[in-house]
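Descriptive analysis of the structure
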Amino acid sequence: MLELHNISKSYGPIRVLNDISLTFQRGEITSIVGPSGAGKTTLLQIAGTLDRPDEGEVIFQNQDLLKLNDRKLSKFRNQNLGFIFQFHQLLPEFSALENVALPALIAGKKKKQAFSDAQRWLTELGLGHRLSHRPSELSGGEKQRTAIARALINTPSLVLADEPTGSLDSKNRDEIKKIISELREKYQQSFVIVTHDPEIAEIADRKILMEDGVIIKEKS
C-alpha cells in the first residue's frame, strides 16, 4: 500500500536516516522501535508526507507522492492518512465533536454529514456522552480517544501514530492498545506506530528496530 524506497535524510551534518526501504501492507499493524535519536519520528513524518527526504521515493498505490505539489499533498493526506500524536493536538476552543468533524469538513463533506460521522466515531470509542466537552474538560485518555476518532473520520487507508500512549497512565495505555487492535480487526485499518512502549509494540504484526538511522532488525 505504501512503499518507502532508499530514504535518506540529513539535518546539517547529522545523517538521520540512511537508505531505508520499507513496505506497509493493508490491514497490518507495524511498530517502529528504537532508542531516542534513532530516526523513528523522522521516518514516520516522511511516510506521512509531513517532511521530505533528501533522497528516495514515497510511493502510495503506484503514485510517487514526492512529485505532488503542496496543495495536492495536503489533499492526499486529508483523504488517505490519519495522524495520532503523543500529545493529542486537539484545538482547545472546539468541542470534541467539532475537533473530530474538522478533517471531514476540510475534505468537503456537508456539515450535517461531517458531524454525524464525528458523533458515530466518538460514540464507538466510548465518548458519546462527551461530545460537547472541550479538551480542557476531558481526561488524558478521553483526549487521546478523541484524537483517534479525528484520525479515522475520513476512513484513511493508513493511520500513523507517534508515541500514542507516551503521555498516558497504564490504564489508559491498555485502553488505547485495545482500541487499536479492535479497529484493525473490525475495519482492517492499517497502523504504523512509533513507540517506546513494549506492550504497544507487541500488538504489531511486524516490529521494526531502528538504530542510528538504519533498520537493525525486522521481526514478524
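Residues numbered from 1 in each chain as written. Predicted model: local features only at pLDDT ≥ 70, side-chain atom pairs only at ≥ 80, totals over all residues. Heavy atoms only, no water.

Some thoughts on the overall build of the protein chain
When its secondary structure is counted, the protein chain shows seven helices and 10 strands. Here the protein chain has a C-alpha radius of gyration of 17 Å; the compact-globule value for 220 residues is 17 Å, and the two agree. Sorting the 220 residues of the protein chain into buried and exposed places 52% on the buried side. At a minimum sequence separation of 6, the contacts of the protein chain that also span at least 24 residues come to 69%. When the accessible surface of the protein chain is totalled, it reaches about 10600 Å², and 48% of it is carbon and sulfur. A distance of 7 Å separates the average location of the 30 positive side-chain charges in the protein chain from that of its 29 negative side-chain charges. (Helix = DSSP H or I, 4+ residues; strand = E, 2+ residues; numbered from the N terminus. Rg over C-alpha atoms; globule rule 2.2 N^0.38 Å. Buried < 20%, exposed > 50% of the residue type's maximum accessible area, 1.4 Å probe, protein only. Contact = heavy atoms within 4.5 Å. Areas by Shrake-Rupley, 256 points an atom, 1.4 Å probe, with all protein chains shown as cover. Lys, Arg positive; Asp, Glu negative; His and termini not counted. Charge placed at Lys NZ, Arg CZ, Asp CG, Glu CD.)

Points about the pattern of salt bridges
As enumerated under the stated definition, the model contains 13 salt bridges in all. Note that arginine 206 is salt-bridged to glutamate 28, the shortest N-O span being 3.1 Å. Of this pair, arginine 206 sits in strand E9 (residues 206-211) while glutamate 28 sits in the loop between strand E2 (14-24) and strand E3 (29-33), placing them 178 residues apart in sequence. Each member of the pair, arginine 206 as well as glutamate 28, carries the same accessibility label: buried. (Salt bridge = Lys/Arg side-chain N within 4 Å of Asp/Glu carboxyl O.)

Focus: the packing of helix H5 (residues 140-152) against helix H6 (residues 170-187)
Close contact between H5 and H6 brings their axes to 10 Å; oriented N to C, the two are set at 20 degrees. When the axis of H5 is compared with that of H6, the two are roughly parallel. Judged by the twist between their axes, the crossing of H5 over H6 is right-handed. Together, Gly141, Gln144, Arg145, Ile148 and Leu152 of H5 and Asn172, Glu175, Ile176, Ile179 and Leu183 of H6 make up the contact between the two elements. When the residues that make up the contact of H5 with H6 are grouped by side-chain class, the tally is five nonpolar, three polar and two charged. (Axes fitted to C-alpha atoms, helices over the stretch in contact; angles between N-to-C directions. Parallel < 35°, antiparallel > 145°, perpendicular 65-115°, else oblique. Left-handed = near helix turned anticlockwise from the far one by under 90°. Nonpolar A, V, L, I, M, F, W, Y, C, P; charged D, E, K, R; others polar.)

Digging into the sheet that holds strand E4 (residues 55-60)
Sheet architecture is open: four strands sit in the order E2-E1-E4-E5, paired in antiparallel fashion. Edge positions in the sheet fall to E2 and strand E5 (63-64), since each of these pairs with one other strand and no more. Pairing of strand E1 (residues 2-11) with E2 involves seven bridges; the strand directions are antiparallel. Directly across from tyrosine 11, in E2, lies its bridge partner isoleucine 14. The strands that helix H1 (residues 40-47) touches are E1, E2 and E4; relative to E1, the one it contacts most, it runs at about 125 degrees. (Pairing = 2+ DSSP bridges.)

Brief notes about the packing of aromatic side chains
Per the counting criterion, the structure on display carries three aromatic pairs. Aromatic pair phenylalanine 60 and phenylalanine 76: ring centres 5.0 Å apart, planes at 75 degrees, arrangement edge-to-face. Residue phenylalanine 60 is found in strand E4, and its partner phenylalanine 76 is found in helix H2 (residues 70-80); the two are separated by 16 residues along the sequence. Each of the two residues, phenylalanine 60 as well as phenylalanine 76, counts as buried. Judged by centre distance (5.3 Å) and plane angle (55 degrees), the rings of tryptophan 121 and tyrosine 187 are tilted. Residue tryptophan 121 is found in helix H4 (residues 111-124), and its partner tyrosine 187 is found in helix H6; the two are separated by 66 residues along the sequence. For tyrosine 187, a relative accessible area of 31% gives the class partly exposed. (Phe/Tyr/Trp six-rings, centres within 6.5 Å; stacked < 30°, edge-to-face > 60°.)

Some details on H1
Among the eight residues that make up H1, six are buried, leaving the element largely enclosed by the rest of the structure. Within H1 the residues assigned to the buried category are Lys40, Thr42, Leu43, Leu44, Ile46 and Ala47. Positioned one or two residues after H1, threonine 49 has a phi angle of 60 degrees, which is positive.

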